[in-house]
Amino acid sequence: MPRPGVPDAYRRRAQAEGFVSRAVFKLQAMDARFRLFGPGQRVLDLGCHPGSWMQYLASRVGSDGMVVGVDLATPKLALAPPLYFVPGDVQSIDLAEICTHTSTFDAVVSDLAPKTTGVRVVDQQRSLDLARRAWEIAQAVLVVGGHFLVKVFAGPDVAALEIPLKKAFGTFHRVKPPGSRRESWELYLLGLGRRPPAGAAAGGPGAEGADGSGSRGSGEGG
Ligand SMILES: C[S@@+](CC[C@H](N)C(=O)[O-])C[C@H]1O[C@@H](n2cnc3c(N)ncnc32)[C@H](O)[C@@H]1O
């Protein structure tokens, strides 16, 4: 069973393919299954360090797109367009800072994870707090038709976060992608196709994307 710091097949493959983390394979698998990203999209990546999701997203959105990463720690990669980095704590960061480069996003992804204590109930609560905050941010910046993907440690309180997501999106999934450590209790909540929020102002967050459909390259793949 893979352990942190001990090379496993996914880590070796990530190194061989030039990715800074094995986490990339989880996003890749979810993208392959649900077709989340496409050229020209603007994606917000919460908890982006060391940066493998940013690397993958850059290849998916291309030079016409934009990937804005937010983290306490600076990604371990060269930051050049379409990649942008905003340093900060998501719990206290000003939305205006996140929106320095664009005010709305076609997708918001969160791989935010707390430093684990080993006390399951504490770690689960901290993970849930981060996931809730990611959803709060997504509500402010995600276009109608856009997608929201968020990691959370499994636990009884996760259901409370699923309720608003099921209402807010056309389709909802709980996903355990390959590449998650076998011993890990992480899972991802995925909302596809944001519904118009009540009282959404035209052109503002929650309004339709530039192409009128919200998210480019969107759609559910199974
Ligand atoms: C599992 S890592 C993300 C890996 C990343 N998706 C990748 O592909 O390289 C989780 C990240 O969440 C970040 N994080 C945890 N709490 C945070 C907070 N309050 N504000 C910003 N980032 C936070 C950590 O610094 C860490 O880099």
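One numbering rule holds for all chains: residues counted from 1, following each sequence as written. Selection of residues for local features in this predicted model requires a pLDDT of at least 70, selection of side-chain atom pairs for listing and counting requires 80 or more, and totals for whole chains, interfaces and linings are taken over all residues.

> Account for the sheet that holds strand β4 (residues 105–110), naming residues and giving values.
Judged by pairing direction, the sheet is mixed, and its seven strands sit side by side in the order β3-β2-β1-β4-β5-β7-β6 without closing on themselves. Two strands in the sheet have a free side with no partner beyond their single neighbour: β3 (83–87) and β6 (169–175). Here the strands of the sheet are splayed against their neighbours by 15° on average, with no regard to which way each runs. When DSSP finds two or more bridges between a pair of strands, those strands are recorded as paired. Under the scheme used here, helices are H or I runs from DSSP no shorter than 4 residues and strands are E runs no shorter than 2 residues, and both carry numbers assigned from the N terminus. Looking at chain direction, β6 and strand β7 (residues 186–194) are connected through six bridges and run antiparallel. Paired with Arg-174 across the bridge in β7 is Leu-189. Think of it this way: build a C-beta for each residue from its backbone, and any pair within 7 Å is a contact. Every axis corresponds to a line fitted to the C-alpha atoms, with the helix fit spanning only the stretch in contact, and the corresponding angles, defined between N-to-C directions, vary from 0 to 180 degrees. Docked against the sheet, helix α2 (residues 24–34) engages β5 (142–153), β6 and β7, running at close to 35° with respect to β7.

> Can you break down α2 residue by residue, with the values?
Comment: burial labels come from other C-beta atoms within 10 Å of the residue's own C-beta, placed from the backbone, where a count of 20 or more is buried, 12 or fewer is exposed, and between is partly exposed. Three or more residues of α2 are buried, namely Val-24, Phe-25, Lys-26, Leu-27, Met-30, Asp-31 and Phe-34. On its buried face, α2 sits against α1 (9–16), α3 (52–61), β5, β6 and β7. In the stretch just after α2, Arg-35 is the one whose phi turns positive, near 50°.

> Talk me through the site of the ligand; I want residue IDs and the actual numbers.
The environment of the ligand is made up of 21 residues, and the closest members are Ala-23, Gly-47, His-49, Ser-52 and Asp-111. Amino acid classes used here: Ala, Val, Leu, Ile, Met, Phe, Trp, Tyr, Cys and Pro are nonpolar; Asp, Glu, Lys and Arg are charged; the rest, including Gly, are polar. Taken together, the residues of the shell around the ligand sort by class into twelve nonpolar, six polar and three charged. For each residue, a C-beta position is placed from the backbone atoms; the residue is near a molecule or strand when that point lies within 6 Å of it.

> Let's hear about the pairing of β4: which residues, and what values?
Taking burial as the measure, the six residues of β4 include six buried ones, the bulk of the element. With four bridges connecting them, strand β1 (residues 42–46) and β4 associate as parallel partners. Looking at β4, one finds that Leu-46 is bridged to Ser-110. Pairing between β4 and β5: five bridges, direction parallel.

> Describe in detail the packing of α2 against α3, supporting the description with residues and values.
The contact between α2 and α3 brings their axes to 8 Å, and the two run at 35°. The two elements α2 and α3 meet at a crossing, and its hand is right-handed. Contacts between α2 and α3 pair Val-24, Leu-27, Gln-28 and Asp-31 from the former with Ser-52, Trp-53, Gln-55, Tyr-56 and Arg-60 from the latter. Of the residues that constitute the contact of α2 with α3, the class distribution is four nonpolar, three polar and two charged. Whether a crossing is left-handed or right-handed is set by the direction in which the near helix is turned from the far one by less than a right angle, anticlockwise for left-handed and clockwise for right-handed.

> Tell me what's going on with the nonpolar core, and back it up with residues and numbers.
Counting 56 residues, the largest nonpolar core has Val-108 and Ala-134 as the members making the most contacts within it. In terms of residue count, the dominant contributor to this core is β5 (eight residues). Those residues in contact with Ala-134, other than ones at most four positions away along the chain, are Leu-46, Val-108, Ser-110, Leu-112 and Val-150. Put simply, a nonpolar core is buried Ala, Val, Leu, Ile, Met, Phe, Trp, Tyr and Cys residues tied into one set by C-beta atoms within 7 Å.

> Report on the environment of Pro-164, specifying residues and quantitative values.
Mapped onto the elements of the fold, Pro-164 is located in helix α6 (residues 158–168). Residues Pro-164 and Trp-135, spaced 29 residues apart in sequence, show a C-alpha to C-alpha distance of 9.4 Å.

> Lay out the pairing of β1 with the relevant residues and their values.
Burial of β1 is extensive: five of the five residues sit out of reach of the surface. Burial along β1 is two-sided: the residues Arg-42, Leu-44 and Leu-46 and Val-43 and Asp-45 are all buried. One ladder, built from five bridges, connects β1 with strand β2 (residues 66–71); its direction is parallel. When the sheet's bridge partners are listed, Val-43 is paired in β2 with Val-67. In the classification by handedness, the crossover that spans β1, the intervening α3 and the parallel β2 is right-handed. For the handedness criterion, the strands are oriented away from the viewer, and a crossover whose path from the first strand over the helix to the second runs clockwise is classed as right-handed.

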